[in-house]
Structure formats: C-alpha cells, structure tokens
Amino acid sequence: MEKVLLKNFGKEGAHTIDSYLSGGGYEALKKVLGMEPEDIIQMVKDSGLRGRGGAGFPTGLKWSFIPKDAPEKYLCCNADEGEPGTFKDRGIMEYDPHLLIEGIAIASYAIGAQKAYIYIRGEFVFAARRLQEAIMEAYEKGFLGENILGTGFSLDVYVHRGFGAYICGEETALLESIEGYRGQPRKKPPFPALSGLYGKPTVINNVETLSCLPAIVNKGAEWFASIGPEKSPGPKIFGVSGHVKKPGLYELPMGTPLREIIYEHAGGIRDNRKLKAVIPGGVSAPLLTEEELDTPMDFDSLAKIGSMLGSGGVIVMDETTCMVKAAYIIMRFFSHESCGKCTPCREGTTWLKKIVQRIEYGKGRQGDVELLESLCGNIFGRTFCPLGDGAVMALRGVLKKFKEEFQYHIEHKRCMV
Amino acid sequence: MDEKTRKEIEEKIVPKYRTRRSACMATMQLVQSQKGHLTKEDMEEIAALLGMQPVEVEAVGKFYTMYNVERPVGRYHIQVCENLSCSLMGGEHILKHIERLLGIKTGETTSDKKFTLSTVQCLGSCGTAPVIQINDDYYENLNEKKVEEILGKLR
Ligand SMILES: Cc1cc2nc3c(=O)[nH]c(=O)nc-3n(C[C@H](O)[C@H](O)[C@H](O)COP(=O)(O)O)c2cc1C
Ligand code: SF4
Ligand code: FES
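Residues numbered from 1 in each chain as written. Chains lettered and ligands numbered in written order. Predicted model: local features only at pLDDT ≥ 70, side-chain atom pairs only at ≥ 80, totals over all residues. Heavy atoms only, no water.

1. Quick notes on the overall build of chain B
And then number 1: Across its full length, chain B carries 7 helices and 4 strands.
And then number 2: Mapped from its N terminus to its C terminus, chain B presents α and β elements in the order α-α-α-α-β-α-α-β-β-β-α.
And then number 3: Based on the C-alpha atoms only, the size of chain B along its principal axes is roughly 50 × 35 × 25 Å.
And then number 4: Burial status across chain B gives 55% buried among its 155 residues.
And then number 5: Partitioning the contacts of chain B with sequence separation of at least 6, the portion at a separation of at least 24 is 60%.
And then number 6: Summed over its atoms, the accessible surface of chain B is roughly 7300 Å², and 49% of this surface lies on carbon and sulfur atoms.
And then number 7: Across chain B, 22 positive and 23 negative side-chain charges occur, with their mean positions spaced 2 Å apart. (Helix = DSSP H or I, 4+ residues; strand = E, 2+ residues; numbered from the N terminus. Buried < 20%, exposed > 50% of the residue type's maximum accessible area, 1.4 Å probe, protein only. Contact = heavy atoms within 4.5 Å. Areas by Shrake-Rupley, 256 points an atom, 1.4 Å probe, with all protein chains shown as cover. Lys, Arg positive; Asp, Glu negative; His and termini not counted. Charge placed at Lys NZ, Arg CZ, Asp CG, Glu CD.)

2. Here we look at the interface of chain B and chain A
And then number 1: Counting residues at the interface gives 38 residues for chain B and 57 residues for chain A.
And then number 2: Summed over both partners, the interface of chain B with chain A buries about 3800 Å², with 57% contributed by carbon and sulfur atoms.
And then number 3: Among the residues chain B hides against chain A, the three largest losses belong to B:Arg18, B:Phe63 and B:Leu84. Together they make up 17% of the total.
And then number 4: Inspection of the chain B/chain A interface yields 5 salt bridges. (Buried area = accessible area lost by both parts, 1.4 Å probe. Salt bridge = Lys/Arg side-chain N within 4 Å of Asp/Glu carboxyl O.)

3. Here we look at the pattern of salt bridges
Residue and element names in this part refer to chain A.
And then number 1: For the structure on display, the rule yields 37 salt bridges over all chains.
And then number 2: Put simply, Arg 259 and Asp 294 hold a salt bridge, and the shortest N to O gap is 2.8 Å. Taken together, the residues Arg 259 in helix H12 (residues 258-265) and Asp 294 in the loop between strand S7 (275-279) and helix H13 (299-304) connect sequence positions 35 residues apart.
And then number 3: You can call Arg 259 partly exposed: its relative accessible area is 28%.
And then number 4: Owing to a relative accessible area of 48%, Asp 294 belongs among the partly exposed residues under this scheme.
And then number 5: The shortest N-O distance in the salt bridge between Glu 373 and Lys 403 comes to 3.1 Å. Of this pair, Glu 373 sits in helix H16 (residues 368-379) while Lys 403 is found in helix H17 (residues 386-412), placing the two residues 30 residues apart along the sequence.

4. Describing the site of ligand 1
All names here are of chain A.
And then number 1: Every one of the 19 residues lining ligand 1 counts as a neighbour, but Gly 53, Lys 62, Asn 78, Asn 206 and Thr 209 are closest to it.
And then number 2: In this structure, an oxygen atom belonging to ligand 1 sits 2.9 Å away from a side-chain N or O atom of Lys 62.
And then number 3: Asn 206 has a polar side-chain atom sitting 2.7 Å from an oxygen atom of ligand 1.
And then number 4: Listing elements by their share of the shell around ligand 1, those giving two or more residues are strand S4 (202-206) and H17.
And then number 5: For the shell around ligand 1, the element with the most residues is S4, which contributes 3 residues.
And then number 6: Across the shell around ligand 1, the residue classes break down as 5 nonpolar, 8 polar and 6 charged. (Near = heavy atom within 4 Å. Polar contact = N/O pair within 3.5 Å; in protein donor to acceptor, adjacent residues only side chain to side chain. Nonpolar A, V, L, I, M, F, W, Y, C, P; charged D, E, K, R; others polar.)

5. Details of helix H2 (residues 24-35) of chain B
And then number 1: A rise of 1.5 Å per residue sets the reference length of H2(B), with its 12 residues, at 16 Å; its end C-alpha atoms lie 17 Å apart and thus fit the reference within 8%.
And then number 2: Counting buried positions over the 12 residues of H2(B) gives 9, a clear majority of the element.
And then number 3: When H2(B) is considered as a whole, its buried residues turn out to be B:Cys24, B:Met25, B:Ala26, B:Thr27, B:Met28, B:Gln29, B:Leu30, B:Val31 and B:Gln32.
And then number 4: Where H2(B) is buried, its residues meet strand S3 (156-161) and helix H8 (171-178) of chain A together with helix H1 (3-13), helix H3 (40-50) and helix H4 (54-63) of chain B.
And then number 5: Positive backbone phi, approximately 90 degrees, marks B:Gly36, located one or two places after H2(B). (Expected span 1.5 Å × (residues − 1).)

6. Things to note about the domain arrangement of chain B
And then number 1: According to the domain assignment, chain B contains domain 1 (3-63) and domain 2 (76-154).
And then number 2: Each of domain 1 of chain B and domain 2 of chain B was reduced to a C-alpha centroid, and the two centroids are 29 Å apart. (Domains from an automatic or database assignment.)

7. Considering the side chain of A:Glu102
All names here are of chain A.
And then number 1: Relative to the assigned elements, Glu 102 resides in helix H6 (residues 97-111).
And then number 2: One buried charge, Glu 102, has no salt-bridge partner; the nearest side chain with opposite charge is Lys 7, at 7.9 Å.
And then number 3: Contacts of Glu 102, omitting those with residues within four sequence positions, involve Tyr 20, Gly 25, Tyr 26, Glu 27, Ala 28, Leu 29 and Pro 214.

8. Notes on the site of ligand 2
Residue and element names in this part refer to chain A.
And then number 1: Inspection of the region around ligand 2 gives 13 residues, with Cys 339, Lys 341, Cys 342, Cys 345 and Cys 385 positioned closest.
And then number 2: When atoms are counted within 2 Å of each cavity's grid points, the one that captures over half of ligand 2 is the largest cavity.
And then number 3: Residues belonging to the shell around ligand 2 are distributed by class as follows: 8 nonpolar, 4 polar and 1 charged. (1 Å grid on protein atoms, 1.4 Å probe; cavity = no way out; pocket = protein on both sides within 12 Å on 5 of 7 lines; lining within 4 Å. Sits in = over half its atoms within 2 Å of the grid points.)

9. Let's talk about the pairing of strand S8 (residues 313-318) of chain A
Residues and elements named next belong to chain A.
And then number 1: Where burial is concerned, most of S8 is hidden: 6 out of the 6 residues are buried.
And then number 2: Burial along S8 is two-sided: Gly 313, Ile 315 and Met 317 and Val 314, Val 316 and Asp 318, pointing in opposite directions, are all buried.
And then number 3: The pairing of strand S5 (residues 235-242) with S8 spans 4 bridges and is parallel. Each bridged residue has a counterpart across the sheet, and for Gly 239 the counterpart in S8 is Gly 313.
And then number 4: By the bridge criterion, 4 bridges tie S7 to S8 in an arrangement that is antiparallel. Residue pairing for S8: Ala 277 is matched across the bridge by Met 317. (Pairing = 2+ DSSP bridges.)

10. A look at the sheet that holds S7(A)
Residues and elements named next belong to chain A.
And then number 1: Pairing within the open sheet is mixed, and its 4 strands lie in the order S6-S5-S8-S7. Pairing within the sheet leaves two strands with one partner each, and these edge strands are strand S6 (248-253) and S7. Across the sheet, the axes of successive neighbouring strands diverge by a mean angle of 30 degrees, strand direction being ignored.
And then number 2: Across the face of the sheet, H12 comes into contact with S5, S6, S7 and S8 while running at roughly 115 degrees to S7. (Axes fitted to C-alpha atoms, helices over the stretch in contact; angles between N-to-C directions.)

11. A few points about empty space enclosed by the protein
And then number 1: Per the stated rule, a full pass over the model turns up 3 cavities of 30 Å³ or more.
And then number 2: In this structure, the largest cavity is lined by A:Ile167, A:Pro185, A:Ser338, A:Cys339, A:Gly340, A:Lys341, A:Cys342, A:Cys345, A:Thr383, A:Phe384, A:Cys385 and A:Leu387.
And then number 3: Of the pockets and cavities examined, the second largest cavity occupies roughly 60 Å³.
And then number 4: Together, 13 residues line the second largest cavity, and B:Cys81, B:Cys86, B:Cys122, B:Leu123 and B:Cys126 are the ones closest to its centre.
And then number 5: Along the lines of polarity and charge, the residues of the lining of the second largest cavity split into 8 nonpolar, 5 polar and no charged. (Points joined across faces, edges and corners; volume = space filled by probe spheres on them.)

12. So, the domain arrangement of chain A
Residues and elements named next belong to chain A.
And then number 1: Its domain assignment divides chain A into domain 1 (17-225), domain 2 (235-318) and domain 3 (323-412).
And then number 2: The gap between the C-alpha centroids of domain 1 and domain 2 is 27 Å.
And then number 3: Listed per partner, the contact involves 17 residues of domain 1 and 20 residues of domain 2.
And then number 4: When the buried surface of domain 1 facing domain 2 is broken down by residue, Arg 52, Glu 83 and Phe 87 rank first, second and third, together holding 34% of it.
And then number 5: Summed over the shared surface of domain 1 and domain 2, the result is 2 salt bridges.
And then number 6: Taking the shortest distance from any N to any O, the salt bridge between Glu 208 and Lys 236 comes out at 2.7 Å.
And then number 7: In terms of residues, the side of domain 1 that touches domain 2 owes the most to one element, helix H5 (residues 88-95), which gives 3 residues.

13. Focus: a nonpolar patch on the surface
And then number 1: A cluster of nonpolar residues, A:Phe57, A:Leu61 and A:Phe65, forms a patch on the protein surface that exposes about 250 Å² of accessible area.
And then number 2: By the secondary structure assignment, A:Leu61 is in helix H4 (residues 59-64). (Patch = residues over 30% accessible without salt bridge, like charges linked within 9 Å, V, L, I, M, F, W, Y side chains within 5 Å.)

What follows is the structure in structure tokens.
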C-alpha cells in the first residue's frame, strides 16, 4: 500500500512548505475550495473515514451535524496524544505538519469554521514549534488567513498547548481547557456539534483523521474506501512498542491482522521469546493473548472480541512480563489522571491502584481479587466520562486472562515469572 | 512581569481567543518559562491582567501537572516516563541510575539547585522507550551509558 500518512516520516527537511508543495501539497485544498461544502461532506462520508482518536465515529456524519447557518463555528484538532502506547500524531506533526494543516483547512471549509485550534499536549514542545512554523509558512503562501487563494474563504489556525492532563484528550475537557478552565469533561448533550467551543458549533477531530483528508480529496473516496474492511476502511498508523525487535510506527491498511503487525512489520518478539499479552490500542484497550493474534486490527473486529482499536497503539509484552506489575502501572496511570469530577472514578481508581499496588508489593490479602472485581462493578457505567470505564475495562481484561498470576502473587508474595 | 512580557501577552496570546480568560494557560506557560515556576504573586498578576480571580488562575495551575505552582525546580528538570512501554524497556533502571548519579531521590532537587528529578506519565514516545524529558527536550532509546553522557554534559 502506498503510504499517505507517513510518507515523509524520518525524512530531513520534509516539514518545510517547499518540500510539501513539491510533492503536490495544497492541491487538495485548491480543489476543495472550488466545491460545495455539502459535496465535501458527502465525499468524506463516502470514503468511510472513521475517527482515529479512539472512538471510530464516522467523520462525515459528525460534520453533517454542524448547523449550516450558524455564523460562528470552530474546528478543534485533537493533538493531545496521551493514551499510553500512542505516538502516531507526533510522527505526523514533526515530519509532515503541512499534511495536518491542509487537512484542517479542508475540514474547516467543509463545516464553515473560520477559526481552528490545534490542541497539542504540553510536552510536545518540538512538534508545537514545528506546527507554528508551518502555520506561518502557510499564511505567507496564502493557504491560511484572509480570503484564501482569492476564494473569499478565511481561516485562522492557532496552536493551543495543553500542560499535562490526559483527560484533556476527551473532547469536552479539551474545550474547557481552551476556554481557560480546568480540563474537566462537560455534560453531554448538548454535543459539541451544537454547543462546543464558546458555546458555538464545533467539530473535534484527531490529527490522524484530519491528515487523511488531503489523500481522500486527491485520490478519491473510492480509493480510500477500497483499503481494508468495508466498514472501517483506510490507511491506519499502528504504533508498536514494548518487547518487539523493531518498535515504531507502521502505516498499514486498516484490518491488518495483529500477528502480521507484530511478527512481520515489528520484527517479532525480542530475543525470540514467547508473546504473553498484547494491548491493541493504548492501555484503555483490554489486552489480548496468542489465540487472538489473527484478529484484524479494525474498530469492529476488536470490539467483537471485547477489546478496542482505540488509538492503534500496540504494546507487546513477552513471557518475562509480570502481569500484576503491568496492571499496577496502568492503574497508577488512571488514578493519576482521573480529573476528580465524579466520585466513582476519583475514589474508584484510587482504590484499584492501592489494591493492585499492595498485591504487587507482596502485601496482597486473600480476597483481594474478588475485591477488585466488585470495585470494578461499582465503577463501570457510573462514571461521568469514559476514563473511569477505561480503567475498569483494562483491569478486567488482565484479571480475566491472568487471574492465577494475581493469586500467585498474593500467596507467594512474588511474581510468577 | 515586565513590560515586554505584558506586550507579548496582549499582542501574541490574547488576540488568538474570543475571551481573555482563554489566554490564561498560555500566559502562565510564558511566565513559567521565564523563571521555572509560578508564585502566588505571579498568579495574582495574571488574574488581574486577564480579568480573572486569583483562585481561578491557581485552580488552573494546580490542575495541569506541568505548572510548577509554588514549587521551584532545578535548572534542569528531569522527568522519567514511568508508564508501561517505558517500564517494559527498562525505565525503572534508568530512574534508579539517575537517582544514583545525582545522589537524590525521585521528587528531590540537588543541593546546588541544578537538577530536579520526577517521574511522569506516558510522554507519547513509546516506540523509542525508555524516554526521559529534560526541560523541553526528549531523550529516547536510553540506556545507562547514554544517561551518563547526557548528565555529564549538563553538569
Ligand atoms: C479519557 C479520554 C482521552 C482521550 N484522549 C484522546 C487523545 O489524546 N487524542 C484524541 O484524538 N482523542 C482522544 N480521545 C477521544 C476524543 O474524545 C474524541 O473522540 C476524538 O478526538 C474525536 O476525533 P476523531 O473523531 O477524529 O477520532 C479521548 C477520549 C477520552 C474519553
Ligand atoms: S470519569 Fe474520571 S476523568 Fe471522567 S469525569 Fe469522572 S473523574 Fe473525571
Ligand atoms: S510509555 Fe513512556 S513514552 Fe509512552
């Protein structure tokens, strides 16, 4: 498959506008500016593009919820990239910032937004600088700003830096953060499409989602739809980390089997050890084991087996990994990142962490596994946003497949591996 | 806050947004970048400038972990990723090694105020684990020897 998202990854100098233009950059924007916005939305619907931020919501459909006649609308690009195991958006922003900016301009024109914000996590200082420079270049060449290419369409793009809060990747918390508040999720409805940033209609899309748009415009919706499974098509970036020989980013057709990603592209398990478990889409996604490796990596196939594609961040663990410790690290993450707005998550994730921690530290008590399970039941479905459920899903996944390791830890006060 | 900073806030940050309040995160980032942390006085000044209550600015400062609210850090703030991919690739050894090299524990600052050592959640660089961040820069694919070289240069 011809790469469209990572074609410039690792190439020195590819981030400049001259380099981007020499590869046909901003042609898609030119084309789109001569089209009716409805036709662009239809094209994106026809492409089958689904959001790459985690939830897989159809992008064209999301755009169609934006009221056409609203005078003030916004586009927010979600570049918070905080889900552990995920490092794809950074790859695009550092090596191909204009791909994202062109995608932002296309989406903004389609929904009629005149301002767009890129919400980038605070730690990505280098990527933020790259984006800022690229935005300046795009203004200079007339691809952003007033009356773009003489078409009457105007767009300003701004970079807004987060400053250390995973929850700001949740779309309504992201909006709160841009408005200058603590990043705590808002009640839905109203959905951002009707009342988003400053109470105005707003679309929030992930970096990778928006970066697919230039190729959809240039190569056509049918081209995009022909890649991978019918119901979740397109190219997808998989970020592979952990115990593999060649960790890194791989752009492959959506639906590529997990086994192929790990053993062909990422070179297999280091030191030729055995695979123990793999998290398919960032730590919120329940882990899988050897028997499930032939699962196609797409939204529906993973949902069917009780996990999720999430961000496509694949974390591979070999046979030397202690699953209690892995669970502890994940619970520590969730309790650290709980925003504190609702009690089941704030208190619940703290307790989950404490109990897994004492098992990990050799201080587990008989009945702790059952206690964890009942706590999970008290949290799941009762939290204000999906973060709390994510913590439960991740822990339930480990407990379901590696319960005996927890029991062993409790009885022998040490790891099974 | 000096005149130049005020000017930068009014000309570069505030116009990006529909409300002055929206400028508070970037303003706090700017002030922190000049001195390493934020004091109560800084936050009062920012509040007055942006038409907010000081407690509102403080609430923002305490919510986002990268703001060093009333918490001075050393000239080099070393943050070691403690999340899963880094841990699988030896992140804890890196942390212990840095503790040994600097003679401090996680959360502490060296007595010469040069280094502060912290742990941090996933830095979004898991494919090049283990990873640390020192001030604005990432250092990836680390091992003990590389850490020694990096710290050696900063000493
Ligand atoms: C706790 C939490 C964290 C999230 N983090 C991110 C993130 O870092 N990046 C992202 O694009 N989406 C993230 N999302 C999903 C967003 O809420 C939203 O669905 C997405 O940005 C929509 O864009 P898309 O349709 O293009 O995927 C997160 C969701 C939750 C609940
Ligand atoms: S589930 Fe957790 S992160 Fe989400 S609102 Fe409640 S406390 Fe905040
Ligand atoms: S786990 Fe360390 S950078 Fe992601």
